[in-house]
There are 2 protein chains.
Amino acid sequence: MIEPRSRRTSGKVVLVGAGPGAPDLLTLRAARALAEADLVLYDALIDRAVLDLAPKAAKFSVGKRAGRASVAQDTIHSLMVQAARGKKTVVRLKCGDPFVLGRGGEEVLALGAAGVRVEVIPGVTSAIAGPGGEGIPVTLRGVSSGVLVLTAVPEEPCLRVLARQDPKLITCVLLMALGARRAIVDGLAAAGWSPKTPAAIVLGAHGPRAHSWTGTLDELAEWVIPAGLEELPGLVVLGDVVAASERIRSALGVGQRDVVTESEVRLGSA
Amino acid sequence: MIEPRSRRTSGKVVLVGAGPGAPDLLTLRAARALAEADLVLYDALIDRAVLDLAPKAAKFSVGKRAGRASVAQDTIHSLMVQAARGKKTVVRLKCGDPFVLGRGGEEVLALGAAGVRVEVIPGVTSAIAGPGGEGIPVTLRGVSSGVLVLTAVPEEPCLRVLARQDPKLITCVLLMALGARRAIVDGLAAAGWSPKTPAAIVLGAHGPRAHSWTGTLDELAEWVIPAGLEELPGLVVLGDVVAASERIRSALGVGQRDVVTESEVRLGSA
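Think of each chain on its own: its residues are numbered from 1, step by step along the sequence as written. All chains are assigned letters beginning at A, and all ligands numbers beginning at 1, according to the order in which they are written. Local features in a predicted model are, by the rule used here, given only for residues with pLDDT of at least 70; side-chain atom pairs are given and counted only at 80 or more, and totals for whole chains, interfaces and linings are based on all residues. Side-chain calculation: all heavy atoms of the structure are included, whereas hydrogens and water are not.

**Student:** Give me the lowdown on the interface of chain A and chain B, citing residues and values where you can.
**Tutor:** Tallying the contact residues gives 61 residues for chain A and 61 residues for chain B. Throughout, the accessible surface (probe 1.4 Å) given up by two parts as they are put together, summed over both, is called the buried area. Both faces combined, the contact of chain A with chain B buries some 5200 Å², and carbon together with sulfur accounts for 66% of it. By the criterion of area lost to chain B, the three top residues of chain A are A:Leu28, A:Phe99 and A:Arg164, representing 13% of everything that side buries. What counts as a salt bridge is simple: a side-chain nitrogen of Lys or Arg found within 4 Å of a carboxyl oxygen of Asp or Glu. Counting across the interface, chain A meets chain B through 6 salt bridges. Among the ionic pairs, A:Asp166 bridges to B:Arg164, the shortest N-O distance being 4.0 Å. Residue contacts are counted whenever heavy atoms from the two residues lie within 4.5 Å of one another.

See below:
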């Protein structure tokens, strides 16, 4: 039940997309919302430098991370409604974009039902900027004319959607996919995907420890996440664009360490 | 052929995503790149206020718009390479995100082949923020666990990919789709899609004349773009999320005019 605008409080909630990780990939509008905020409720993985953009706000983590306790969604709704009714300006700060697997829709519905004014500020989504930051464009002329972004959890509906796709036509980006790799590899093999489908894993894109791996689908589940990087958010990319982007990665200096190592090996053996 | 870093010039090219239209949906990093630019080569549809963020730069439109002459892609590459070799800092300013159907990959390859240093700054993509700006989240818990972004031009490969999809599981966003609506409706009917599949058209999202329509697939091709809005960029959204987002649109005040009109009609006939 949406209450008429005239009966709304003067507080409001702004759902803000914080982008893929680097603090300066926040939008100008998001930075202004943070500057004006009285209260910031933020996800896990939000950089300290982003929170510093809200100097006058009280700040609380309501973040969810695999395996850790988190604040229940209903509690988050209550916190936002109470603060807005108390005439506060609340920023609900989310990783990436609020509408890409970020429960933004649910939060807008809860706030609307409570008669609280709500706005959404979109963000750069990790689903696209994550691969891009590691030199893998999700679309590439002549290779991929589209991109499918999908959560890998739960696995069953994900595999149902994936099984229909042709990775020679579009790029598939799977979020929350690291722990589901074995199920993905087996499910796609059963669906008739080639084991040699190009595949990539991107860890902590746009962050200081960003790391990526490229190979093929049949190697995806075996790749061991390097020590110290296990806590980074990760995504999986499937499709011909991964193999086609090798020169793009070189031009952008991504995976440069590997290239240097190869040169050194060649020089050493010459 | 990538030349070693040491032989590169000190100029560089930065491919910058300008976001979905509103000037303040640019990232902080993009704003800084513009402030430092000597030359800005920009797409059509870039807001004047964004160009004003580059006070010391020479600015040239290289934009493509349906039906109008544009600068050839090779010429854009040459302009960028020449300027970077002349030690200039070049910003190639693109609508949305450079890697979402923006030819960013091609430009990185051309610059890499010329030995020019190149960086990419991701932007908020219209493919996701466009529907979002009109109150349609591309994912929504229990309704859509993913989103497929696809160019509708050329039509044949688009239809080949679309025909495989289930709009009850994921959201499909079609870019450059306004002129292809008839082909899409007919092609999806032939592929067995329900004519009652929820559909939306979003025009000029996040701009001052943003406008949207919601209905069903069988009405998609007949909807007449309102006078004066024909030049706005448009996209098509297909999937159950369009129907499921009605209350989200109300909570965000999108399509409020239609709601008011309906109430007035009911009041008038009571």
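**Student:** Give a description of the pattern of salt bridges that names residues and reports values.
**Tutor:** Throughout the structure, instances matching the rule amount to 32 salt bridges over all chains. Residues joined by salt bridges that share partners form a network here, namely A:Asp43, A:Arg92, A:Lys94 and A:Glu107.

**Student:** Report on the sheet that holds strand β3 (residues 58–61) of chain B, specifying residues and quantitative values.
**Tutor:** Sheet strands pair by backbone hydrogen bonding; their relative direction is either parallel or antiparallel. Residues and elements named next belong to chain B. Two strands are said to pair when DSSP picks up at least two bridges between them. Counting from the N terminus, the helices are the DSSP runs of H or I reaching at least four residues and the strands are the DSSP runs of E reaching at least two. Ordered by their spatial adjacency, 5 strands build an open sheet running β3-β2-β4-β1-β5, and the pairing between neighbours is parallel. A single partner strand is all that each edge strand has here, and the edge strands are β3 and β5 (117–121). Across the sheet, the mean angle from the axis of one strand to that of its neighbour is 20°, orientation sign disregarded. Judged from the 4 bridges that link them, strand β2 (residues 39–42) and β3 form a sheet pairing that is parallel. Counted as the bridge partner of Leu39 is Ala58 from β3. In the packing of helix α3 (residues 73–85) onto the sheet, the strands contacted are β1 (12–17), β2 and β4 (89–94), and the crossing angle to β4 comes to about 150°. Across the sheet, helix α4 (residues 104–113) touches β1, β4 and β5, and the angle it forms with β1 is around 175°. Think of each axis as a best-fit line through the C-alpha atoms, taken over the contacting stretch in the case of a helix, with angles from 0 to 180 degrees between the N-to-C directions.

**Student:** Could you give an account of the relation of the copies chain A and chain B, naming the residues involved and the relevant values?
**Tutor:** Alignment of the copies relies on least squares applied to C-alpha atoms, considering only residues that score at least 70 for pLDDT in both. The two copies are related by a screw operation: chain A maps onto chain B through 180° of rotation and 0.0 Å of translation along the axis, at an RMSD of 0.0 Å. The superposition of one copy onto the other is thereby described by a two-fold rotation axis. A shared binding surface is used by both copies, with 100% of the interface residues of chain A retained as interface residues in chain B.

**Student:** For the environment of A:Leu101, give the residues involved together with the corresponding values.
**Tutor:** Residues and elements named next belong to chain A. Along the chain, Leu101 turns up in the loop between β4 (89–94) and α4 (104–113). Exposed residues in this analysis have more than 50% of their type's maximum accessible area, buried residues have under 20%, and partly exposed residues fall in between, with area computed by a 1.4 Å probe over protein chains only. Residue classification places Leu101 among the partly exposed residues on the basis of a relative accessible area of 25%. Separated by 48 residues in the primary sequence, Leu101 and Val149 have C-alpha atoms spaced 9.4 Å apart.

**Student:** Help me get a handle on the domain arrangement of chain A, residues and values and all.
**Tutor:** Residue and element names in this part refer to chain A. Domain ranges listed in this record stem from an automatic or a database domain assignment. Segmenting chain A into domains produces domain 1 (12–124) and domain 2 (127–262). Inter-centroid distance (C-alpha atoms) of domain 1 to domain 2 is 28 Å. Counting residues at the interface gives 10 residues for domain 1, matched by 10 residues for domain 2. Joining domain 1 to domain 2, the criterion identifies 0 salt bridges. A 3.5 Å cut-off defines polar contacts: any pair of N or O atoms within that distance qualifies, except that in protein one atom must be a possible hydrogen donor and the other a possible acceptor, and neighbouring residues in sequence count only when both atoms are side-chain atoms. Where domain 1 meets domain 2, there are 0 residue pairs in polar contact (both at pLDDT 80 or more). Along the lines of polarity and charge, the residues of the side of domain 1 that touches domain 2 split into 7 nonpolar, 1 polar and 2 charged. In this classification, the charged set is Asp, Glu, Lys and Arg, the nonpolar set is Ala, Val, Leu, Ile, Met, Phe, Trp, Tyr, Cys and Pro, and all remaining amino acids, among them Gly, are polar.

**Student:** Lay out the pairing of strand β8 (residues 198–203) of chain B with the relevant residues and their values.
**Tutor:** All names here are of chain B. With 6 of its 6 residues buried, β8 lies for the most part within the structure. With 6 bridges joining them, β8 and strand β9 (residues 211–216) adopt antiparallel strand pairing. Residue pairing for β9: Pro198 is matched across the bridge by Thr216. Pairing of β8 with strand β10 (residues 234–238), which is carried by 5 bridges, proceeds in the antiparallel orientation. Bridge assignment links Val202 to a residue of β10, and that residue is Leu235.

**Student:** Break down the sheet that holds strand β1 (residues 12–17) of chain A for me, citing the residues and quoting the values.
**Tutor:** Residue and element names in this part refer to chain A. Pairing is parallel in the open sheet, where 5 strands are placed in the order β3-β2-β4-β1-β5. Each edge of the open sheet is held by one strand with a lone partner, namely β3 (58–61) and β5 (117–121). When the angles between neighbouring strand axes are averaged without regard to direction, this sheet yields 20°. Here strand β2 (residues 39–42) runs beside β4; their pairing, made up of 4 bridges, is parallel. The residue bridging Tyr42 from the neighbouring strand is Leu93, located in β4. Sheet strands touched by α4: β1, β4 and β5. Its angle to β1, the strand with the most contacts, is close to 175°.

**Student:** Tell me about the pairing of strand β6 (residues 146–151) of chain B, and name the residues and values.
**Tutor:** Residues in a regular strand project their side chains so that they alternate between the two faces of the sheet. Along β6(B), 6 of the 6 residues are buried, which leaves the element largely enclosed by surrounding structure. Burial of the side chains of β6(B) extends over both faces: B:Gly146, B:Leu148 and B:Leu150 are buried on one face and B:Val147, B:Val149 and B:Thr151 on the other. With 5 bridges joining them, strand β6 (residues 146–151) of chain A and β6(B) adopt antiparallel strand pairing. Within the sheet, the bridge partner assigned to A:Leu150 lies in β6(B) and is B:Gly146. Taken together, the 5 bridges between β6(B) and strand β7 (residues 171–175) of chain B define a ladder with parallel strand orientation.

**Student:** Report on the packing of helix α6 (residues 155–162) of chain A against helix α7 (residues 181–190) of chain A, specifying residues and quantitative values.
**Tutor:** Residue and element names in this part refer to chain A. At their nearest, the axes of α6 and α7 sit 10 Å apart, and the two run at 40° to each other. Comparing their axes, α7 and α6 come out oblique. Crossing of α6 against α7: the hand is right-handed. Every residue of α7 that contacts α6 at Glu155, Leu159 and Leu162 is listed here: Ala183, Ile184, Gly187 and Leu188. Any angle that falls under 35 degrees is termed roughly parallel, while one over 145 is termed roughly antiparallel, one within 65 to 115 roughly perpendicular, and all others oblique. If you view the pair so one helix is near and one far, a crossing is left-handed when the near helix is turned anticlockwise from the far one by less than a right angle, and right-handed when it is turned clockwise.

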